[in-house]
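Single-letter residue listing:
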Amino acid sequence: MSESSVRLNVFKTYKLYVGGKFPRSESGRVYEVTDSKGKWLANAPLSSRKDARDAVVAARKAFGGWAGATAYNRGQILYRIAEMLEGRREQFVREVGEAEGLSKSKATAVVDAAIDRWVWYAGWTDKIGQIVGGANPVAGPFFNLSTPEPTGVVTVVAPQDSSFLGLVSVIAPVIATGNTVVVIASEKSPLPALSLGEVLATSDLPGGVVNILSGKAGEMGPHLASHQDVNAIDLAGADAALAKELEIAAADNLKRVLRPQPVDDWNADPGTTRMTAFLETKTVWHPTGSLGAGGSSY
């Protein structure tokens, strides 16, 4: 009997990605993840309220450093994520194909589009400020400058049916502009999201900038929407009933809320909407001095 015929398969243990580490759910709970035909794929962690709170703490801790990094440096890191994904392309093609019931060619197209989306947002990090900021004309001897700043900690309910391209399309714009994020992955197809955590951990992204939870959006969502240290929420993957519940909870501390927007094709040009949704505008006034016929008084 050959050695290969008696070798046991090494099944992958999927874990959460919180604060740059890979914890199991503190509850010890898991749930079965199956493919489109009902075949068992893996057990995924069933995150609890405590896991959600831990993720917010990690995101808040990382916010200062990430928001304070130069936009150019953030762009470099997002591009590095694309590089790392390119190296693990075949793994994600397999996982996305199983998760969404796609052929290898279609899954490959989805993964390639997700990699390209990281590159696209990497190019926007040092340009979005020129689109939404600028010098304002005012009546008086003042400079008046408006500049965008990140909102803070953002919760994202990831799309349910686009487990990877949709996921990247809602994470990348949030962190490109300096926010940190707590993501509730697709409940039925969480495995590509949990594997993405492994890529992020090796791509120079500081721990806590992205935190990925798997489980039930209906269980974690209300606690994150009402959390006083969460500044905004993207309801991309919430159904109508859950979205309404989370909007009401988010009003308690005046969170920014991005309501669900129907997306027919995640491959389409995403525009800048998801970047500007989680930016604040800071306007600074500065005296220029007394201006007269002779010019500036400086």
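Right above here is the structure, for reference.
First, a word on what this report is: a plain description of the structure on this page. Fair warning: this is a prediction, and the values are worked out from it, not measured in the lab. (Residues numbered from 1 in each chain as written. Predicted model: local features only at pLDDT ≥ 70, side-chain atom pairs only at ≥ 80, totals over all residues. Heavy atoms only, no water.)

Our focus in this paragraph is the pattern of salt bridges. Here the structure, examined in full by the defined rule, presents 16 salt bridges. Between glutamate 95 and lysine 12 there is a salt bridge, with its nearest N and O atoms 3.9 Å apart. With glutamate 95 in helix H3 (residues 89-100) and lysine 12 in the segment before strand E1 (30-34), this pair connects stretches of sequence that are 83 residues apart. With its nearest N and O atoms 2.6 Å apart, the salt bridge here joins arginine 274 to aspartate 234. (Salt bridge = Lys/Arg side-chain N within 4 Å of Asp/Glu carboxyl O. Helix = DSSP H or I, 4+ residues; strand = E, 2+ residues; numbered from the N terminus.)

With that settled, consider unusual backbone geometry. Of note, the phi angle at aspartate 204 is positive, near 75°, even though the residue is not glycine. One can find aspartate 204 in the loop between helix H7 (191-200) and strand E7 (210-213). Unlike most non-glycine residues, leucine 254 shows phi in positive territory, near 60°. Counting through the fold element by element, leucine 254 comes out in the loop between helix H9 (240-250) and strand E9 (256-258).

This paragraph deals with the packing of aromatic side chains. All chains considered together, the criterion is met by five aromatic pairs. Residues phenylalanine 11 and tryptophan 40 carry aromatic rings whose centres are separated by 6.1 Å and whose planes lie at 70° to one another, so their mutual orientation is edge-to-face. Residue phenylalanine 11 is located in the segment before E1, and its partner tryptophan 40 is located in strand E2 (residues 40-45); the two are separated by 29 residues in the primary sequence. The exposed category is assigned to phenylalanine 11, whose relative accessible area is 59%. With centroids separated by 5.0 Å and ring planes inclined at 85°, the aromatic side chains of tryptophan 120 and tyrosine 121 adopt a geometry described as edge-to-face. The class of tryptophan 120 is partly exposed, set by a relative accessible area of 31%. Accessibility expressed as a relative area gives 0% for tyrosine 121, which makes it buried. (Phe/Tyr/Trp six-rings, centres within 6.5 Å; stacked < 30°, edge-to-face > 60°. Buried < 20%, exposed > 50% of the residue type's maximum accessible area, 1.4 Å probe, protein only.)

A few words on the layout of surface pockets. In this structure, the largest pocket encloses a volume near 300 Å³. Taken together, the residues of the lining of the largest pocket break down into nine nonpolar, five polar and four charged. (1 Å grid on protein atoms, 1.4 Å probe; cavity = no way out; pocket = protein on both sides within 12 Å on 5 of 7 lines; lining within 4 Å. Points joined across faces, edges and corners; volume = space filled by probe spheres on them. Nonpolar A, V, L, I, M, F, W, Y, C, P; charged D, E, K, R; others polar.)

Counting through the fold element by element, threonine 125 comes out in the loop between helix H4 (104-124) and helix H5 (128-132). For threonine 125, a relative accessible area of 5% corresponds to the buried category. Here the side chain of threonine 125 touches alanine 122 through a polar contact of 3.2 Å, landing on its backbone oxygen. In this structure threonine 125 touches Ala71, Arg74, Gly75, Leu78 and Ala176, once residues within four positions along its chain are discounted. (Polar contact = N/O pair within 3.5 Å; in protein donor to acceptor, adjacent residues only side chain to side chain. Contact = heavy atoms within 4.5 Å.)

A few words on the packing of helix H2 (residues 71-87) against H4. Geometrically, a packed helix pair is captured by the angle between its two axes and the distance between the axes. The geometry of H2 relative to H4 is characterised by a closest axis approach of 8 Å and an angle of 165° between their N-to-C directions. Between H2 and H4, the interaxial angle falls into the category roughly antiparallel. When you trace H2 past H4, the crossing you get is left-handed. Every residue of H4 that contacts H2 at Gly75, Leu78, Tyr79, Ile81, Ala82, Leu85 and Glu86 is listed here: Ile115, Trp118, Val119, Tyr121 and Ala122. Grouping the amino acids of the contact of H2 with H4 by side-chain chemistry returns ten nonpolar, one polar and one charged. (Axes fitted to C-alpha atoms, helices over the stretch in contact; angles between N-to-C directions. Parallel < 35°, antiparallel > 145°, perpendicular 65-115°, else oblique. Left-handed = near helix turned anticlockwise from the far one by under 90°.)

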